[in-house]
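Report on the structure
Spelled out, the chains give:
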Amino acid sequence: MRSNRQNVIGLLFASPWILGMGIFLFYPVISSLYFSFTSYSILKPPVWIGLSNYQELMHDEIFLKALSNTLIICAASVPLTTALAICLALLLNTKRKGISLYRTLFYIPSLVPTVALAVLWLWIFNGQYGLLNEGLSKFGIKAVPWLTDPSWAKATLIMISMWGCGNAMVIYLAGLQDVPQSLYEAGELDGASAWQKTKSITLPMISPVIQFNVIMGIIGSLQTFALPFVMFPGGQPARSTYVVAMYLYDNAFLYQRMGYASAMGWVLFLATMILSLVSLRLGDRHVHYGGGA
Amino acid sequence: MLSKQQKILLTKALQLGALLVLAFLFALPLVWMVVTSLKPLDETMTSPPKWIPDKIQVSNYSDAVTYGSKELGYIPFLRYAQNSVLLAILCITGSVISNSLVGYAFGCLEWKGKRWLFALTLATMMVPGPILIVPLYKLFRDFGWIGTFRPLWVPTFFGSAFNIFLLRQFFMAIPKELSEAAVLDGASPFGVFLKVIIPLAKPALTVVAVFTFLWSWNDFLGPLLYLTDQRNFTVSLGLQAFQNQHTGTPWNLLMAASLMVIAPVIVVYFVAQKAFVQGISTTGLK
Amino acid sequence: MNNVLPAVLCVLLGIACACGLESSQVSVSKTDRIEVQYWEKWTGEEMEAMKRIVDKFNASQSEIHVKYLSVSGIADKTLLATSGGTPPDIAGLWGDQVVQFVDLNALTDLSDLAKDAGVVEENYIPAYWSICSAYGRLYALPTSPGSGALYVNRQLVPPQYASPETFPKTISEFNKFAEQTDRRDPSGKLLVASFMPRDGWGLWNMPYVFGDGFLQDGQINVNGKDDLEAWTWVKSFTDRYGVTETKSFRSGFGNYSSPQNPFLSGKLATYADGPWFSNYIRMFKPSMDWFAVPFPYPDNHPELAGFSTMNLNTLVIPKGAKHAREAFRFLAFVQEQKNMEQLCMDQQCNSPLSNSSQKFLTSHPNKAIALFDKLAKSSRAVPPVPLGIRAQIGSEVGNAVDQMELGELTPQAALDQAQSRLVAMWAKYQQQVLGK
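Keep in mind that what you see is a predicted model, and the values were worked out from it rather than measured. (Residues numbered from 1 in each chain as written. Chains lettered and ligands numbered in written order. Predicted model: local features only at pLDDT ≥ 70, side-chain atom pairs only at ≥ 80, totals over all residues. Heavy atoms only, no water.)

Turning next to helix α8 (residues 166-176) of chain A. Of all 11 residues that make up α8 of chain A, 10 are buried, and the element is covered over most of its length. Regarding α8 of chain A, the residues found buried are G166, A168, M169, V170, I171, Y172, L173, A174, G175 and L176 of chain A. (Buried < 20%, exposed > 50% of the residue type's maximum accessible area, 1.4 Å probe, protein only. Helix = DSSP H or I, 4+ residues; strand = E, 2+ residues; numbered from the N terminus.)

See the structure below:
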């Protein structure tokens, strides 16, 4: 049984956030939910139209295309980025000369504003003299049209998202510090190999952090906007890189259909929710909390 | 069969190899920016790529700093930097204080409504930002905050879902016995928070501080929407000065300015990353 | 207590910063003049060009002070501020958004103010004036405009075509020219393409080269005979080069504003763009020998000659602006020929005024400025589609052409699909935004 005192203390500690949600989130979130049931063009008052926006979305080929693009990108980039970030964190969690430099280096792509970087990506993935194709040609691989072919364009976006794994890497690195040395020492006594130690000690111990990063990865990739927006204006070629956030933005600010955009936002919310819950369920079996909550 | 010694050596070599290859790939953006920032304009963005400029033009940096100062009557870059620094310090302060308190409530304390509120917290992150822009703008207008810095820093004092979630995960990993021992010694919940949890969570708190700094420093949309005087602009907003409609982009100046903008973040990160790795193992508790 | 001290210091630092910010924050400047807030998209050199006009205006009288603010995302920010009831007094909107903003009831009607100030239609090139008006009323005034022509790289075209006089005038002549100009290496790889009908400015308007374009009698019509003819012609280039080869060739095109621009790097022999492009040539490829010509017209249809895409930067006064009258005085000041020409010259554009001074035409940085000026006045000058769903039309048609070029759909099927979607979008727009 929790005592009243405990409840009060808990609420007190959480009070900044409760207040914050009440002040800065409650009104905008409820408004946008309301807008999703209206026809609304920012400057004119919203008009209630019930479920029309949602019904329209279900038949909107452009939306469905954008949604499938988004889901494909999410399905590929979340696992790849997670794996890369964990590997990097493990590599960087060693004592080695110049390790601070390495740690900084791997984080840099996450620091640079997307707009400044997009130019570089276009240049690396350039089909004719881009760095990547130049490198591939050394292995006898024919030039790949990274930016102008619908399937490759998507692959390009996924590959670029992996460069931005720095944030996740930092979190893993911090998480790795919580793994008690004594466990490794015990493992060594049992004669465990490096891979066995990683698999049976490290990964379970940082599993809460993995869970965090996976969920943040899902949220982030479903809301991807800046990169495709700058690199592939209009989602070209043939809308193969057109993601939901771009269509949402276009509807909200270019087409003056804020109500429709809001409905889209809430569908995206639902998709994020479902995917996160699935990953939570799948993960819960493996997640280990040291605190034993 | 390899001997144990050889095995270790091999692993080390493999690790180093992987590190070097990856480091090369991740360093590309930075190298490219540095090289471009030192070139004369007509040598930027050439094909095939030119990694060593014919002529090194260091003056790009001073040109980037003073870009636009003639017409504005002051050096915009310095003015923007001052605004950004003040904002960043405020945001970090607010974010570290509020998120650690709330993270503690969610990660270590038991109270009614916790699970429910936590689920709500996660859910708020899943609402796409663009659909909140209009009502949020109206909210800040009603507070009379349009044209001031307040929309950019006041909310950080109330926590953010991302950081709360992050800290909760870390706090949950701290063994219960430690705080229980402190309670037996007569510590209050706030005492436990201050004397047990905070020292143990230094790596995580550093991460929060670094992320907040990065977020506030790079935030583009917020300053764009809420600031209405050029002299109140931030550095991220200042970078737009190099993107022209009809007269072309001075890539070398843009890259020089971008590098100067990200340099403080790199320095802060470089200093802070030492704290990420000196967690529990060095506090001597385990 | 080794944790309390840093915490206290932290809080103190925070308070200090808050005070610092609050005091350094600029909101109202102390002048006894009426302050007119002017938001404009321009930065850098373009900002400087406009800033000179602003300073001149501020010095020319003593009641009004115009305050310039560079804003990226000008339309979004203006819209948001207007919805919040805190709009600027003047906003530098894109010309192609005027109609939509009028539909949203976001702009002040300038018709009467203009009449009183002597700003009249006769002084302007008709296409530009039409961009500023909607439903027979005036809602904006021009700043720097653009018109499209074809730039030609003299070194890359066969000698018989290498002058404005001998350059192909009709589509079939152009086709012949194209075949003689394309260059491939022995393996068939493209080295130089005569023309890429989708790379260049204003080419989204291709159906207007062949006829009515996107509208017929005011109704959306993107799958008519002219549209099909236009996009089939566009597709004929891809077919000739080969889909894969086109993909690979186009993937080698670099950033517009760089020496990798396909025209500047010598991959394209011709390139459609506005008057400002000569500045890019000067910046990135000063050695290039170029000339500019009008776009070719369909055989046997000389009446369709003179196609040119129009665009315009405008000044508007959002609804709810606090100082509309004072703002208009600045708008009128910009319209004075001397000021307008100075602005357009500094921004490397042609002038929206029907009369250009000799000095403007002779000392303009673009040597072909007279051509751009002439094309802007052509009867085949194409202003943006005057409908609130202009952006959707661009996006749907662009996607349809992508699909036909990739071979996903036949040209007719792709255009029919775009047409049916656009008709539905227009119905929705009329119902939801116009309230019909």
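Having seen it, we continue.
What follows deals with the domain arrangement of chain C. Residues and elements named next belong to chain C. Domains assigned within chain C are domain 1 (34-147 + 310-382) and domain 2 (149-309 + 385-432). Taking only C-alpha atoms into account, the centre of domain 1 sits 29 Å from that of domain 2. Taken together, the contact between domain 1 and domain 2 spans 24 residues of the former and 29 residues of the latter. Both faces combined, the contact of domain 1 with domain 2 buries some 2200 Å², and carbon together with sulfur accounts for 57% of it. Along the contact surface separating domain 1 from domain 2 lie one salt bridge. (Domains from an automatic or database assignment. Contact = heavy atoms within 4.5 Å. Buried area = accessible area lost by both parts, 1.4 Å probe. Salt bridge = Lys/Arg side-chain N within 4 Å of Asp/Glu carboxyl O.)

Okay, the pattern of salt bridges next. Residue and element names in this part refer to chain C. The full count for this structure, using the stated rule, is 26 salt bridges over all chains. With a shortest N-O distance of 3.0 Å, R329 and E63 are connected by a salt bridge. Of this pair, R329 sits in helix α12 (residues 324-335) while E63 sits in the loop between α2 (44-60) and β2 (64-70), placing them 266 residues apart in sequence. Judged by relative accessible area, E63 falls into the partly exposed class, the value being 41%. Here K235 makes a salt bridge to D239, at a shortest N to O gap of 3.3 Å. Remark: D239 and K235 occur in helix α9 (residues 225-241); sequence separation between them is four residues, near one turn of the helix. Its relative accessible area of 18% is what places K235 among the buried residues.

Turning next to the nonpolar core. F106, W121 and M169 of chain A together with Y38, M50, F330 and I393 of chain C are the most contacted members of the largest nonpolar core, which has 338 residues in total. Setting aside chain neighbours within four positions, we find M169 of chain A in contact with A85, L88, A89, L92, R103, F106 and Y107 of chain A together with Y269 of chain B. (Core = buried A, V, L, I, M, F, W, Y, C linked by side-chain atoms within 4.5 Å.)

Another aspect to go through is the environment of L107 of chain C. Residues and elements named next belong to chain C. Locating L107 in the fold gives a position in the loop between α4 (98-103) and α5 (111-117). Since its relative accessible area comes to 3%, L107 is described here as buried. Residues L107 and A117, spaced 10 residues apart in sequence, show a C-alpha to C-alpha distance of 19 Å. If near-sequence neighbours (up to four positions away) are discounted, L107 is found in contact with V98, F101, V102, Y139, V316, I317, P318 and K319.

Below, the discussion takes up the interface of chain B and chain A. Many structure descriptions define interface size as the accessible area lost when the parts assemble. Tallying the contact residues gives 98 residues for chain B and 94 residues for chain A. Summing both sides of the interface, chain B and chain A together bury roughly 8500 Å²; the carbon and sulfur share of this comes to 79%. Where chain B packs against chain A, one counts zero salt bridges. It is helix α1 (residues 4-37) of chain B that provides the largest number of residues to the side of chain B that touches chain A, a total of 16 residues.

On the surface, a nonpolar cluster with roughly 500 Å² of combined accessible area is contributed by I97 of chain B together with V8, L9, V11, L12 and I15 of chain C. Among the structural elements, V8 of chain C can be located in helix α1 (residues 4-24). (Patch = residues over 30% accessible without salt bridge, like charges linked within 9 Å, V, L, I, M, F, W, Y side chains within 5 Å. Areas by Shrake-Rupley, 256 points an atom, 1.4 Å probe, with all protein chains shown as cover.)

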